[in-house]
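A look at the structure
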Amino acid sequence: MNPDILKERQNASFDVENLTYILDGGPEKTKRKREIESLVLNDSDFDEEDPNFLSRSERYDQAVRKSAQMILKLREYGIADPEEIYAYKSLVTGNQHDALGLHFVMFLPTLYSLCDQEQSKKWLPLATSFRVLGTYAQTELGHGTHLRGLETTATYDPATQEFVLNSPTITSIKWWPGALGKTSNHAVVLAQLYTQGNCHGLHAFIVQIRHMDTHEPLPGILVGDIGPKFGFSEVDNGFLKLDNFRIPRDNMLMKYAKVAPDGSYVKPPSAKLTYGTMVFIRSLIVGQSALSLAKSCTIAIRYSSVRHQSEIRSGEPEPQILDYQTQQYKLFPLLATAYAFTFVGQYMNQTYHRITGDINQGDFSELPELHALSAGLKAFTTWTTNAGIEVCRMACGGHGYSRSSALPDIYVNFTPTCTYEGENTVMMLQTARYLVKSYKQAKAGQRLGGIVSYLNDIDQHRVQAHPASARPTVVDVNNLTDLVESYKLRAATLVELAARSIQQESQKGKCQEDAWNNSAIDLVRASDAHCHYVVVKLFTEKLSGIRDTAIHSVLSTLALLYALQGIAQNSGDFLQAGLLTVPQMLQVSVRIKELLCLLRPNAVALVDAFDFPDKKLKSVLGRYDGNVYENMLDWARRSPLNATEVHESFHKYLKPLRSKL
């Protein structure tokens, strides 16, 4: 054990194991998580060559092998709980991706949520036995987040009781679905439904794309891999072109929307039900944001505790770089954010399952709020995490650029979340649509419930945009309750300003669509403020259930740092709305520095509590024992370029070059 990192752990003021229990949801869950970890980490069937030293084809091959092994092991161990399956998968894949990931996280959930009773009997046994390997084909070459613009068609033919699927244009070719290029034999295809001469919008269809035995594409199917990407090297993201491809009528998922044999159409209770899988994935991504940021902070903080660099005081030994205030300022707010997002991810998971249960009982009342909240938090957390991973990489200096650090892999495999399952700006605008609608309802006297209930009292707590000095303020910047209230009023202010912008544009004679577009910057700011308020609120509420005084103290410090850092980064909003004064903003800056000092002795212990085994973190810089340099050399010597002392290029090109000069 590196003596620096050992000393860091000895300085901790709290019990790391007890904090791990809180992060996992209790001692029993931690125990079960570690049991699953041991099943994977001690299994030689999952030993692999370092993906960094493999070609893309080799990476895909290795990923498929591991996925196949994983399926057999899950069955052997009887692991069926979705959360346990997810934990097992994340350990198998590490910082890469599962070749069959879409089957688990999109294909199966879609079947569960959209199959009627008869379809469930047919398709679920096939899918859960992996005879049917599926993906989710939504995005097209010319359309992604704008779902209403998707062009793939499914036209019902009552004479044969079949749907005829077509990709009518080059832009309608399905593009990007993972596991589509080479792996899957079926896909859930989102297509515009046409029946009896009418278009009924997007619906989901189960489409067989490959022969069940030979795996060859079926007639009428053009399918393949889209080529190398920025990350996801082990996943065969694919394209799919449909040419008059026929499927039976009962291959349309009909739990809610239905097409009768004669072609008559029964619409669903809510159009948003078609997108239920996307809402699930967006909720899941919030937890993935927390996980990726927690990994990055673990690597950067552990490395910063063993790396010595430069001088603080002349003539003295080089200090740990974690002792530099600038390094703390880079990393500790991100650490606080990782904790905040962890608790928000838990909340989203619980909320999704609660509302899904209500939907299954026929109650759709909370679906709009779930849709808006999952869209906004997906964007808010992924934008923050994406930037945070890069800060962690740069905080590791030159060694962070090496793939031995794992940070490049974490970054390139996380950054697509800012785009897939809804491009983030569009997601923020979807949330804004719900916020503006809720604001109008509150103004009309309707009492709102749920997370937007703060808009009920907007007239009583109106905060006009004017200089802060024009009104007194009583906000205590050391009081989390006061800070939550400030974030709430900031969100209410920006929602109101966005709604007024739309109204002003309309008064100028602009149509509703142009008024909305001309207010889009304000709308995104309003959504961002709303999401920020939700995160601060949930982090603060989490503290009330923590009985361990030492852990409560350190988490309160993290929560306060998260809230104050957000104020510092958005100071204009708080000043303009009169929520804080200029002297208070200076106080915020001073307090942030004090909180960095308070967190310094606990930094390593706080990342230890995330409980990442080395085999899961897969980072030379983030090793638990802190022995970085010996292992960096060992990793480098395994490079294929070092397989021989003299590379063949010397004999082929360099040596002949000398004789010609």
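Everything numeric here is computed off the predicted structure, so don't read it as measured data. (Residues numbered from 1 in each chain as written. Predicted model: local features only at pLDDT ≥ 70, side-chain atom pairs only at ≥ 80, totals over all residues. Heavy atoms only, no water.)

1. Section: the side chain of D625
Counted only if it meets this: A run of H or I in DSSP counts as a helix once it spans at least four residues, and a run of E counts as a strand once it spans at least two, with each numbered from the N terminus. By the criterion applied in these results, polar contacts are pairs of N or O atoms within 3.5 Å in which, for protein atoms, one can donate a hydrogen and the other can accept it, and in which residues neighboring in sequence qualify only through two side-chain atoms. Every residue pair with non-hydrogen atoms within 4.5 Å of one another is taken to be in contact.
Mapping D625 onto the fold places it in the loop between helix 20 (614–617) and helix 21 (628–637). In this structure the side chain of D625 is engaged in a polar contact, spanning 2.8 Å, whose partner is the side chain of R623. The residues touching D625, leaving out its near neighbours within four places in the chain, are M1, N2 and I5.

2. Notes on the pattern of salt bridges
Going by this rule: Salt bridge, as used here: a side-chain nitrogen of Lys or Arg that lies within 4 Å of a carboxyl oxygen of Asp or Glu. Exposed residues in this analysis have more than 50% of their type's maximum accessible area, buried residues have under 20%, and partly exposed residues fall in between, with area computed by a 1.4 Å probe over protein chains only.
For the structure shown, the criterion picks out 37 salt bridges. The partner of E84 in a salt bridge is R32, with the nearest N and O atoms 3.0 Å apart. Taken as a pair, E84 in helix 5 (residues 82–93) and R32 in helix 3 (residues 27–41) lie far apart in primary sequence, 52 residues in all. With relative accessibility at 27%, the residue R32 sits in the partly exposed group. R354 serves as the salt-bridge partner of E366, at 2.7 Å between the closest nitrogen and oxygen. Here the residue E366 occupies a position in the loop between helix 9 (325–360) and helix 10 (367–395), and R354 occupies one in helix 9, the gap between them amounting to 12 residues. With relative accessibility at 41%, the residue R354 sits in the partly exposed group.

3. Observations regarding the packing of helix 16 (residues 549–569) against helix 18 (residues 582–599)
This is how the line gets drawn: Between N-to-C directions, angles span 0 to 180 degrees; the directions come from axes that are lines fitted to C-alpha atoms, helices contributing only their stretch in contact. If you view the pair so one helix is near and one far, a crossing is left-handed when the near helix is turned anticlockwise from the far one by less than a right angle, and right-handed when it is turned clockwise. Ten residue types, Ala, Val, Leu, Ile, Met, Phe, Trp, Tyr, Cys and Pro, are classed as nonpolar, four, Asp, Glu, Lys and Arg, as charged, and the remainder, Gly among them, as polar.
The geometry of helix 16 relative to helix 18 is characterised by a closest axis approach of 9 Å and an angle of 145 degrees between their N-to-C directions. The hand of the helix 16/helix 18 crossing is left-handed. Along its contact with helix 16, which presents V554, T557, L558, L560, L561, L564, Q565, I567 and A568, the element helix 18 presents M585, V588, R591, I592, L595, L596, L598 and L599. For the contact of helix 16 with helix 18, the per-class residue count stands at 14 nonpolar, two polar and one charged.

4. Some details on the confidence of the model for the chain
Threshold: Per residue, pLDDT captures the predictor's confidence, and it can take any value from 0 to 100.
For the chain, per-residue confidence averages 93 on the pLDDT scale, and 97% of positions sit at 70 or higher. Segment residues 463–472 is flagged for pLDDT under 50; beyond a separation of four residues in sequence, or across chains, it makes 19 contacts in the model.

5. Brief notes about empty space enclosed by the protein
This is how the line gets drawn: A cavity here means a set of points on a 1 Å grid, drawn over the protein atoms and nothing else, where a 1.4 Å probe fits but cannot get out; a pocket is an open set with protein on both sides within 12 Å along at least five of seven lines, and a residue lines either one if it has an atom within 4 Å of a point. Grid points are joined across faces, edges and corners, and a volume is the space filled by probe spheres set on the points.
Tallying each qualifying case throughout the model produces five cavities of 30 Å³ or more. Looking at the largest cavity, its volume works out to about 130 Å³. Contributing to the lining of the largest cavity are 13 residues, with E48, A63, K66, Q96 and E234 lying nearest its centre. Sorting elements by how many residues they give to the lining of the largest cavity places helix 4 (residues 56–77) first, with five residues. Of the residues assigned to the lining of the largest cavity, the class counts are three nonpolar, five polar and five charged.

6. Remarks on the pairing of strand 9 (residues 245–248)
Under the convention used in this document: When DSSP locates at least two bridges between a pair of strands, those strands are taken to pair.
Side chains of strand 9 alternate between two faces, with F245 and I247 buried and R246 and P248 left unburied. By the bridge criterion, four bridges tie strand 3 (residues 162–166) to strand 9 in an arrangement that is antiparallel. Within strand 9, the position partnered with L165 by the bridge is F245.

7. Side note on the sheet that holds strand 8 (residues 238–242)
Taken together, the three strands give an open sheet; going across it, the order is 4-8-7, and neighbouring strands pair in antiparallel fashion. This sheet does not close on itself; its edge strands, each paired only once, are strand 4 (174–175) and strand 7 (221–225).

8. What to know about helix 2 (residues 16–24)
Using the following cut-off: Our arc is simply the arc of the directions from the helix axis toward the C-beta atoms.
Residues of helix 2 that are buried: L19, T20, I22 and L23. Buried residues of helix 2, seen end-on, are gathered within an arc of 160 degrees and therefore sit on one face of the element. Those residues of helix 2 that are buried lie in contact with helix 3, helix 9, helix 15 (520–543), helix 16 and helix 19 (603–608). Its side-chain oxygen placed 2.9 Å from the backbone nitrogen of E17, D15 serves as the N-cap of helix 2. Looking one or two places after helix 2, you find G25, whose phi comes out positive at around 100 degrees.

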